[in-house]
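Breakdown of the fold
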Amino acid sequence: MVVLIDLMGFGIVLPLLPFYASEFNASPVMIGLLYSIFSFAQLIFSPIWGSLSDRIGRRPIMLLSTFGAVIAYIIFGLAGSLFVLLLSRLIAGVMGGNISTAQAYVADVTTPDERAKGMGMIGAAFGLGFVLGPAMAAGLIHPGFHAWFAQIGFTDFAQWLDVNKYALPGFFAAFLSFCSFLMVVFKLEETVDKKTAKKEPAIRRYGVFTPAFWKTLKSGKAGANPLFGILLLAAFLLSFGQASLYSAFPLFCDTQLGMSPEQVGIQFFYIGLIAVFVQGGLIRPLTKWFDEEKIFLAGNVLMTIGIGLLGLSGNISMLTAFLILMALGHSLNLPTMNSLISKEADPNRVGAMMGTAQGLSGLGRTIGPTWGGFLFAYSPGLPFFLTSIVLTVTIWIGIKMVMSSSK
């Protein structure tokens with residue numbers, strides 16, 4: 001619930017970013033940078049927050065990250081320039097330790113057999129955030145909603161919203177994150193035994209610029225483990241693939257299909273709906289019928305094909321069909337990948353391991369949007385075709401995992 005409420009705010013601002021940035025005459029590359037700067041900050045700070053959560057507990061990190069989101073969304077709502085908008089995304093990324101910490105929390109309270117289901121619930125929270133967030137965003141920026149304020153006597157506020165139509169979504173996202181913060185304060189119990197946790201300051205010992213981080217990329221709980229390393233490579237590539245859509249997809253919808261911000265928001269709604277259905281419900285019986293490695297491989301195949309086909313969309317119906325195919329694949333490979341990574345982690349360093357995976361995902365989300373915006377400037381379909389080619393590596397990784405599990 002904490003992640004769900006917080007991600008609803010994320011789902012509100014995500015589809016609005018390209019249109020908000022366009023108010024400041026941002027180029028496609030600058031729009032991509034808006035997404036990338038958030039993820040770059042996550043690359044730097046997620047491993048640190050994850051390692052800190054192993055020592056000082058999950059609750060303090062969740063409190064810090066949810067309250068940090070409140071500040072970031074308020075700045076988003078008040079942004080009067082592209083620089084301030086970039087600043088809001090940077091702060092959100094720095095304070096974005098809630099996802100890796102939540103994944104570590106799930107690993108703390110689930111058995112290995114239930115791990116994929118638990119990770120699926122985090123994914124379902126993402127999905128619901130994308131279902132409810134964009135729908136709320138469409139309503140919050142609608143002129144009819146602004147006119148309602150005028151009808152009840154807040155004429156000046158309604159006029160201000162007409163001029164600053166992206167302010168209300170930012171403020172409402174901040175309100176949601178504050179609700180998430182309060183839920184951590186009053187409801188979330190600690191799962192880390194601080195007496196047995198290491199007392200050395202993790203911020204000095206673990207981060208993307210430390211040898212410990214890079215050593216983690218090739219070792220799991222049993223030392224050197226090439227399969228663990230390629231799982232982390234998959235975390236990078238899959239996030240890179242999805243993030244390449246953040247900038248290119250809204251631009252493609254706008255320029256090639258003439259879609260409005262509300263219609264683009266509906267497409268994000270479909271992504272969330274698939275995530276809720278698959279990760280919130282279907283993943284549990286699937287993991288009982290099939291090995292996690294096989295589900296991971298199937299998801300990689302579907303996602304790779306779906307992204308490649310998006311560039312061929314000639315109408316909204318085709319676009320929706322291909323997007324659903326991509327979303328189905330990502331909803332299958334994400335929880336199984338996180339489950340496989342968590343099972344390789346040292347029980348005393350689950351937060352650090354999940355932070356590492358989230359950091360590499362952040363690297364993918366850093367490069368992906370700028371890559372998508374850069375390629376879109378050359379050809380509208382190019383980001384989707386080339387990204388699909390890159391993602392074929394994840395199919396190879398899936399095959400390696402299946403072969404390893406069958407030995």
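Residues numbered from 1 in each chain as written. Predicted model: local features only at pLDDT ≥ 70, side-chain atom pairs only at ≥ 80, totals over all residues. Heavy atoms only, no water.

1. Some words on the overall build of the chain
Helix and strand counts for the chain stand at 18 helices and 2 strands. By the burial criterion, 57% of the 407 residues in the chain qualify as buried. Of the roughly 16400 Å² of accessible surface on the chain, 69% is carried by carbon and sulfur atoms. (Helix = DSSP H or I, 4+ residues; strand = E, 2+ residues; numbered from the N terminus. Buried < 20%, exposed > 50% of the residue type's maximum accessible area, 1.4 Å probe, protein only. Areas by Shrake-Rupley, 256 points an atom, 1.4 Å probe, with all protein chains shown as cover.)

2. A short note on helix α5 (residues 82-94)
The terminal C-alpha atoms of α5 lie 18 Å apart, and with 13 residues this matches the ideal 18 Å at 1.5 Å per residue to within 8%. Inspection of α5 places Leu-82, Leu-85, Leu-86, Ser-88, Arg-89, Ala-92, Gly-93 and Val-94 among the buried residues, and these make up the whole buried set. Buried residues in α5 make contact with α1 (2-13), α2 (17-22), α3 (28-56) and α4 (58-78). (Expected span 1.5 Å × (residues − 1). Contact = heavy atoms within 4.5 Å.)

3. Structural notes on the nonpolar core
Nonpolar side chains tend toward joint burial in soluble globular proteins. Ranked by internal contacts, the top residues of the largest apolar core, which has 102 residues, are Leu-85, Phe-249, Phe-296, Leu-310, Leu-319, Met-337 and Ile-341. Contacts of Met-337, omitting those with residues within four sequence positions, involve Leu-231, Ala-234, Ala-235, Leu-238 and Phe-296. (Core = buried A, V, L, I, M, F, W, Y, C linked by side-chain atoms within 4.5 Å.)

4. A short note on the confidence of the model for the chain
Low-pLDDT stretches of the model should not have their predicted coordinates read in fine detail. Residue-level pLDDT values for the chain average 80, and 88% of them are 70 or greater. Least confident of the elements in the chain is helix α11 (residues 202-205), whose mean pLDDT is 47; most confident is helix α15 (residues 292-310), at 91. Here residues 200-204 scores under 50 on pLDDT; set against residues more than four positions off or in separate chains, the count is 8 contacts. (pLDDT = per-residue confidence, 0-100.)

5. Structural notes on the layout of surface pockets
A volume near 470 Å³ is recorded for the largest pocket. As for the largest pocket, its lining consists of 19 residues, of which Met-1, Val-2, Val-3, Val-106 and Ile-122 are closest to the centre. Only α1, α6 (98-109), α7 (115-140) and α10 (167-186) provide two or more residues apiece to the lining of the largest pocket. When grouped by side-chain class, the residues that make up the lining of the largest pocket number 17 nonpolar, 1 polar and 1 charged. (1 Å grid on protein atoms, 1.4 Å probe; cavity = no way out; pocket = protein on both sides within 12 Å on 5 of 7 lines; lining within 4 Å. Points joined across faces, edges and corners; volume = space filled by probe spheres on them. Nonpolar A, V, L, I, M, F, W, Y, C, P; charged D, E, K, R; others polar.)

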